[in-house]
Amino acid sequence: MHRNVWYPFTKVKNNPEPLKVKSGKGIWLELEDGRKIIDCISSWWVNIHGHAHPEISKAISTQAETLEHVIFSNFTHQPAEDVAETLARLLPGDLNRVFFSDNGSTAVEVALKMGIQYWQNRGEKRQKFIAFNNSYHGDTFGAMSAGSRTIFSDVFSSHLFDVDFVDYPSTWQGDKTVAEKEDRIIEQIEKLLEVSPGEYVGIIIEPLVQGAGGMNMCREEFLQKLHWVNRQYDTLLIFDEVMTGFGRTGELFACRRAQVQPDMICLAKGLTGGFLPLSVTVCRDEIFDTFNSDDPMKTFWHGHSYTANPLGCAAALATLKLLEKSQDRIKEIENKHKELISMFTEKKYVKNVRITGTIAAFDLITKDKDGYLNPVSDTVKKYCVDYGLLMRPLGNTIYLMPPYCITDSELADVYQKLNLLIMDKLMNN
Ligand SMILES: *Cc1c(COP(=O)(O)O)cnc(C)c1O
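What comes next is a walk through the structure. A quick note: this is a predicted structure, and the numbers were derived from the prediction, not measured.

The rules we used
- Residues numbered from 1 in each chain as written.
- Predicted model: local features only at pLDDT ≥ 70, side-chain atom pairs only at ≥ 80, totals over all residues.
- Heavy atoms only, no water.
- Near = heavy atom within 4 Å.
- Polar contact = N/O pair within 3.5 Å; in protein donor to acceptor, adjacent residues only side chain to side chain.
- Areas by Shrake-Rupley, 256 points an atom, 1.4 Å probe, with all protein chains shown as cover.
- Nonpolar A, V, L, I, M, F, W, Y, C, P; charged D, E, K, R; others polar.
- Axes fitted to C-alpha atoms, helices over the stretch in contact; angles between N-to-C directions.
- Helix = DSSP H or I, 4+ residues; strand = E, 2+ residues; numbered from the N terminus.
- Left-handed = near helix turned anticlockwise from the far one by under 90°.
- Contact = heavy atoms within 4.5 Å.
- Pairing = 2+ DSSP bridges.
- Buried < 20%, exposed > 50% of the residue type's maximum accessible area, 1.4 Å probe, protein only.

### Here's the deal with the site of the ligand
Next, step 1: Close to the ligand lie Trp-45, Asn-103, Gly-104, Ser-105, Tyr-136, His-137, Gly-138, Glu-206, Asp-240, Val-242, Met-243 and Lys-269.
Next, step 2: One of the side-chain nitrogen or oxygen atoms of Asn-103 is found 3.4 Å away from an oxygen atom of the ligand.
Next, step 3: Within the side chain of Ser-105, a nitrogen or oxygen atom sits 2.6 Å from an oxygen atom of the ligand.
Next, step 4: Protein chains shield 83% of the accessible area of the ligand, which is 380 Å² for the free molecule.
Next, step 5: Its residues assigned to classes, the shell around the ligand comprises 4 nonpolar, 5 polar and 3 charged.

Written out as structure tokens, the structure is:
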């Protein structure tokens, strides 16, 4: 480990040396020692079009020669306006007001603050949120509060605000109890809202797929039911699409796949194709309108030095352009996943096979407890590079989330290699 670098999500003691990456091209990463590996997880889910995509890098370099950055209060610029306009066009309904920031956690913080202040601007003092068990919304305090309590947040638990958690109706191939699960959870939410209707700011959810919580997948029907409840009880529905956005779930956004219009949506990760940190929180006109006032108490006093960075916006515009052309390929990847994953479906050490869009996942059955701390992930991380793969299982949950430029034969190759790794390293000892 480098003596001056402190790595994220990494134990300091007894952790294997990080692998030094020299370059990237498409799905491939080249390590300093010359080995080449396939990026099966899009580098923490950000890289949607492949590494070093020429159109995105060109857009950034052209922008850098024109305007690298400028203050975004009382000043504006074309790339930001174009990103906002494009997103408003691609998002459903009147999700028209785009607030920029620079990472997913912050996009969530903005949504939480905006939600609280929305009710305040309407003369209501609402404090609470409903969120889901196993959810992950980021590592800042608000985002941590809205996220499921885990060992990551344990040290800080006394500093987190109270949230009411309900189960996420996780489902998988052949799950016969899913509708029952959904109804039970919806009932629970209704009960909370019924007991104290004026108390809840909103409901925050990772729609269709919970990422860091273990690639848990739910049905579109659940989001439709949730939307209905949310309307009945007049509270805000916040979609954290930081991971599910930009084609991951098979449509441009999970909300479009489920045909549900949330009141706010948080986007980051894929927004710049994995090139630069940029994020947005987009809200409906009705929310924005409550901030339109002479009263300074009704202003949203929030911003960051790099808000709407023009380089990030240029990368986003190039990414979105590529994305509109990738729609068919994204659907093909989903079909290919469905075909290829059958090689694991019948295995006796595999359970809960599930696919949504370009994300495929299953859980390994081990002698240890299910979940993030299951040591099987360390074994996979240790050996995957030997098999030419970059993978990062979430405990005993194995998942693939490749860039969209992966070909059918490359994806088939990934499945074969993964199968070999599991057979060689996990099942024989
Ligand atoms: C990654 C992630 C975040 C946090 O985004 P960062 O850019 O890592 O801060 C928030 N929500 C979801 C659903 C995520 O997957």
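Past the structure itself, the notes keep going.
### Examining the packing of helix H12 (residues 327-340) against helix H15 (residues 408-426)
Next, step 1: Direction vectors running N to C along H12 and H15 enclose 35 degrees, while the axes themselves pass 10 Å from each other. The handedness of the crossing between H12 and H15 comes out as right-handed. Residues Arg-329, Ile-333, Lys-336, His-337 and Leu-340 of H12 pack against Asp-408, Leu-411, Ala-412 and Tyr-415 of H15.
Next, step 2: Tallied by class, residues from the contact of H12 with H15 come to 5 nonpolar, 1 polar and 3 charged.

### With respect to the environment of Lys-269
Next, step 1: Mapping Lys-269 onto the fold places it in the loop between strand E11 (264-267) and strand E12 (279-284).
Next, step 2: Separated by 167 residues in sequence, Lys-269 and Asp-102 place their C-alpha atoms 9.8 Å apart.
Next, step 3: Contact partners of Lys-269, with chain neighbours within four places excluded, come to Trp-44, Trp-45, Val-46, Val-242, Met-243 and Gly-274.

### Digging into the sheet that holds strand E16 (residues 397-400)
Two pairing modes exist for strands in a sheet, parallel and antiparallel, and in both the strands are linked by backbone hydrogen bonds.
Next, step 1: Read across the open sheet, the 3 strands follow the order E13-E14-E16; overall the sheet is antiparallel. The open sheet terminates on both sides in strands that have one partner only, identified here as strand E13 (350-356) and E16. The sheet shows a mean angle of 15 degrees between the axes of neighbouring strands, taken without regard to direction.
Next, step 2: In terms of strand pairing, strand E14 (residues 359-364) meets E16 through 4 bridges, oriented antiparallel. Looking at the pairing, Asp-363 lines up with Thr-397 of E16.
Next, step 3: This element, H12, spans E13, E14 and E16 of the sheet and lies at about 165 degrees to E13.
Next, step 4: Along the sheet face, H15 touches E14 and E16 and points at about 15 degrees away from the line of E14.

### Quick look at the packing of helix H14 (residues 376-384) against H15
Next, step 1: The N-to-C vectors of H14 and H15 enclose an angle of 115 degrees; their axes lie 11 Å apart at closest approach. Both H14 and H15 take part in a crossing whose hand is right-handed. Of the residues in H15, those in contact with Val-376, Thr-379, Val-380, Tyr-383 and Cys-384 of H14 are Leu-421, Lys-425 and Leu-426.
Next, step 2: In the contact of H14 with H15, the residues fall into 6 nonpolar, 1 polar and 1 charged.

### Concerning the pairing of E11
Next, step 1: Side chains Met-264 and Cys-266 project from E11 onto one buried face, and the interleaved Ile-265 and Leu-267 project onto a second face that is buried too.
Next, step 2: Pairing analysis gives 3 bridges linking strand E10 (residues 236-240) to E11, with the strands arranged parallel. Counterpart to Phe-239 in the pairing with E11 is Ile-265.
Next, step 3: Summarising the sheet, E11 and E12 pair through 4 bridges and their orientation is antiparallel. Directly across from Cys-266, in E12, lies its bridge partner Thr-281.

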